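Notes for the structure review
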Amino acid sequence: QQQQQQQSFDYILASCMNHRQYKHQHVWDHIRSHVQPDFTLLAGDTIYLQEGIDVTVERGVLEDRVWFRHQEQRREEHFRNYIRHIPVYSTWNDHDYGRNDADATQLGKDISRRAWTQLWANPEYETTTTTTT
């Protein structure tokens, strides 16, 4: 019987990255230098779309605003440096694709999804109900 070699890895599980609330995210430098994870899982709320500005009742998600929020987070210097060096996989949650507590009925969710699939290089996306570009 061949003995299997155990493999271990370190990862970070994070969420709720509200750039408006946390403008200077030094924690990413700390994680990178002290934990040195093999990869990171972001469990949603990587941005916070703001009701009335980024998403409205009448129009739903506004395309230029969803891109702005993603770029705002990615321009944060500590996060930008982190994602350049550590593989990141991500899921989305309500604030990533619509208003607070948004569900599958969120108007303009397809706009958020297009931005999402272009920005997060997850290995595979479901494409049966939405088109990715």
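Use the structure listed above.
Below is a short write-up of the structure.

Definitions and cut-offs
- Residues numbered from 1 in each chain as written.
- Predicted model: local features only at pLDDT ≥ 70, side-chain atom pairs only at ≥ 80, totals over all residues.
- Heavy atoms only, no water.
- Salt bridge = Lys/Arg side-chain N within 4 Å of Asp/Glu carboxyl O.
- Helix = DSSP H or I, 4+ residues; strand = E, 2+ residues; numbered from the N terminus.
- Buried < 20%, exposed > 50% of the residue type's maximum accessible area, 1.4 Å probe, protein only.
- Pairing = 2+ DSSP bridges.
- Right-handed = clockwise from strand over helix to strand, strands pointing away.
- Contact = heavy atoms within 4.5 Å.
- Polar contact = N/O pair within 3.5 Å; in protein donor to acceptor, adjacent residues only side chain to side chain.

Quick look at the pattern of salt bridges now. When the charged atoms of two side chains lie near each other, side chains of opposite charge can form a pair. Inspection of every chain in the model, using the stated rule, returns four salt bridges. Among the salt bridges present, the one from Asp110 reaches Arg114, with a minimum N-O distance of 3.7 Å. Taken together, the residues Asp110 and Arg114, both in helix H5 (residues 109–119) and four residues apart, mark about one turn of the helix. You can call Asp110 partly exposed: its relative accessible area is 42%. Residues joined by salt bridges that share partners form a network here, namely Asp54, Arg65, Arg69 and Glu72.

The next point concerns the environment of Gly52. Structurally, the position occupied by Gly52 is in the loop between strand S2 (39–43) and strand S3 (55–56). Remark: the alpha-carbon pair of Gly52 and Arg99, spanning 47 residues in sequence, is separated by 9.0 Å.

On any regular strand, side chains alternate: one points to one face of the sheet, the next to the other face. Burial of strand S1 (residues 11–14) is one-sided: the residues Ile12 and Ala14 facing one way are buried, the residues Tyr11 and Leu13 facing the other way are not. Both S1 and S2 contribute to a ladder of four bridges, which runs parallel. From the neighbouring strand, Ile12 faces S2, where its bridge partner is Thr40. Taken together, S1, helix H1 (residues 27–35) and S2 form a β-α-β motif whose crossover is right-handed.

With that out of the way, let us pick up H5. Residues lying three or four places apart along an α-helix face the same way, a consequence of the helix completing one turn every 3.6 residues. For H5, every residue scored as buried is listed here: Ile111, Ser112, Arg113, Ala115, Trp116, Thr117 and Leu119. Where the residues of H5 are buried, they touch strand S4 (60–61), helix H2 (63–75), strand S5 (88–91) and helix H4 (94–97).

Its location among the elements puts Asp54 in the loop between S2 and S3. A polar contact of 2.6 Å, which involves the side chain of Asp54, links it to the backbone nitrogen of Gln50. Polar contacts involving the side chain of Asp54 include one to the side chain of Arg69, which spans 2.7 Å. What Asp54 contacts, discounting residues up to four positions off in sequence, is Tyr48, Leu49, Gly60, Val61, Leu62, Arg65 and Arg69.

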